[in-house]
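Chain by chain, the residues run as shown.
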Amino acid sequence: MTISPVFKQRFNLSVVLALSVLFSVVLIAYRCHFTSTLLYTFLCWNLILALIPYLLSSLIVLFPPQSKNNLMLYLLIGVWLLFFPNAPYILTDLFHLRAKPPVPFWYDLVLILSCAWNGLILAIVSLWDMHQLLNRLFNRTLGWIFALSALVLGSFGIYLGRYLRFNSWDIVSNPRSLFFDILDRIINPLSHTTTYGVTILFSVFLIILYLTIHQIRYLKND
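Presented here is an overview of the structure given in this document. Computed from a predicted model, the values in this text were never measured in an experiment.

Let's talk about the packing of aromatic side chains
So, step 1. In total, this model carries 12 aromatic pairs according to the counting rule given.
So, step 2. Look at W144 and Y210: their rings are 6.1 Å apart centre to centre, the planes differ by 75°, and that puts the pair in the edge-to-face class. Separated by 66 residues along the polypeptide, W144 in helix α6 (residues 140-162) and Y210 in helix α9 (residues 193-216) bring together distant segments of the chain.
So, step 3. Given the relative accessible area of 21%, W144 is considered partly exposed.
So, step 4. The exposure class assigned to Y210 is buried, which follows from its relative accessible area of 1%.
So, step 5. Taken together, Y30, F34, W106 and Y107 form an aromatic cluster joined through their ring pairs.

Topic: the pattern of salt bridges
So, step 1. Counted under the stated rule, the structure contains 3 salt bridges.
So, step 2. Close ionic contact of D129 with R10 constitutes a salt bridge, the shortest N to O distance being 2.9 Å. Linking D129 in helix α5 (residues 105-137) with R10 in helix α1 (residues 5-35), this pair joins segments that are 119 residues apart in sequence. For the pair shown, D129 and R10 are each scored as buried.
So, step 3. Across the pair R162 and D93 runs a salt bridge whose closest N-O atoms are separated by 2.9 Å. With R162 in helix α6 and D93 in the loop between α4 (86-89) and α5, this residue pair connects regions lying 69 residues apart in the sequence.

Looking at the packing of helix α3 (residues 71-83) against α5
So, step 1. Where α3 contacts α5, the two axes come as close as 12 Å, and the packing angle between them is 150°. In terms of their interaxial angle, α3 and α5 are classed as roughly antiparallel. Handedness of the α3/α5 crossing: left-handed. Facing α3, whose interface residues are L73, I77 and W80, α5 presents S126, L127, M130, L133, L134 and L137.

Some points on the environment of I207
So, step 1. With respect to the helices and strands, I207 occurs in helix α9.
So, step 2. Residues I207 and A29, spaced 178 residues apart in sequence, show a C-alpha to C-alpha distance of 33 Å.
So, step 3. Sequence-distant contacts of I207, defined by excluding residues within four places in its chain, comprise L148, L151 and V152.

Here's the deal with the environment of I77
So, step 1. Tracing the backbone shows I77 in helix α3.
So, step 2. Taking the C-alpha atoms as reference, I77 lies 8.0 Å from M130; in sequence the two are 53 residues apart.
So, step 3. With residues near it in sequence (within four places) discarded, I77 still touches M130, L133, L134 and F146.

Side note on unusual backbone geometry
So, step 1. The omega angle of the peptide bond from P101 to P102 is 10°, so this bond is cis rather than trans.
So, step 2. Considering the arrangement of structural elements, one finds P102 in the loop between α4 and α5.
So, step 3. Positive phi, normally seen in glycine, also occurs at S36, with a value near 55°.
So, step 4. Position of S36 among the secondary structure elements: in the loop between α1 and α2 (42-62).
So, step 5. Looking at S36, the relative accessible area reads 68%, which means it is exposed.

A look at α3
So, step 1. Compared with an ideal rise of 1.5 Å per residue, which puts 13 residues at 18 Å, α3 spans 19 Å between its outermost C-alpha atoms and is within 8% of the ideal.
So, step 2. Buried residues along α3 sit in contact with α2, α4, α5 and α6.
So, step 3. Backbone nitrogen of M72 and a side-chain oxygen of the N-cap are separated by 2.9 Å at the start of α3; the cap is N70.

Things to note about the side chain of S24
So, step 1. Following the sequence through the fold, S24 ends up in helix α1.
So, step 2. A residue is classified by how much of its surface remains accessible, and S24, at 0% relative accessible area, is buried.
So, step 3. In this structure the side chain of S24 is engaged in a polar contact, spanning 2.8 Å, whose partner is the side chain of N118.
So, step 4. Setting aside its immediate chain neighbours within four residues, S24 contacts L47, S114, C115 and N118.

Basis of the calculations
Residues numbered from 1 in each chain as written. Predicted model: local features only at pLDDT ≥ 70, side-chain atom pairs only at ≥ 80, totals over all residues. Heavy atoms only, no water. Phe/Tyr/Trp six-rings, centres within 6.5 Å; stacked < 30°, edge-to-face > 60°. Helix = DSSP H or I, 4+ residues; strand = E, 2+ residues; numbered from the N terminus. Buried < 20%, exposed > 50% of the residue type's maximum accessible area, 1.4 Å probe, protein only. Salt bridge = Lys/Arg side-chain N within 4 Å of Asp/Glu carboxyl O. Axes fitted to C-alpha atoms, helices over the stretch in contact; angles between N-to-C directions. Parallel < 35°, antiparallel > 145°, perpendicular 65-115°, else oblique. Left-handed = near helix turned anticlockwise from the far one by under 90°. Contact = heavy atoms within 4.5 Å. Expected span 1.5 Å × (residues − 1). Polar contact = N/O pair within 3.5 Å; in protein donor to acceptor, adjacent residues only side chain to side chain.

Right under this line is the structure:
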């Protein structure tokens, strides 16, 4: 049986990403063993959440829809958008970085940076998958609108998670509070400068990063 090039590429990429995530998990596990505490184990859960958008986009890559008139496709895109902010959200776990003897500061720095990197690269790869999907099913303009919108919405999701402590499940388990908190920030923007500051700066940062990676693809050796 012949294995398709797409499957080979996705398999190779997944192996590298799995090794990267495993590196973070090993750092966390060793820290727990060394200190006999569970500090930073929450990062394992954050990594699991960050993997969900990548797994969803990989499913689309391996089993691409042949038509845009597909209800399951739009459902999958909606679920992907719901979980996408969990990946770049891990960047904000850098807030937890401070000296915690007897563990060296440099060890915790590498630990949290590795988790943040995994969240960031999983976000970028999964967004790239979805971007290419919309390019193929619709057009490049809509593809870019979707990609940039996802980064802005993801940045707002980072704010909701870090400052208001909402998560992806709250759209089902706590929709009322989520809706009114979002509505209040839309109606009263001057009363929620942090909301707009976090959302705008993270949006700019993530968009610049995404555009940079997009351009790197076109680099060629002379």
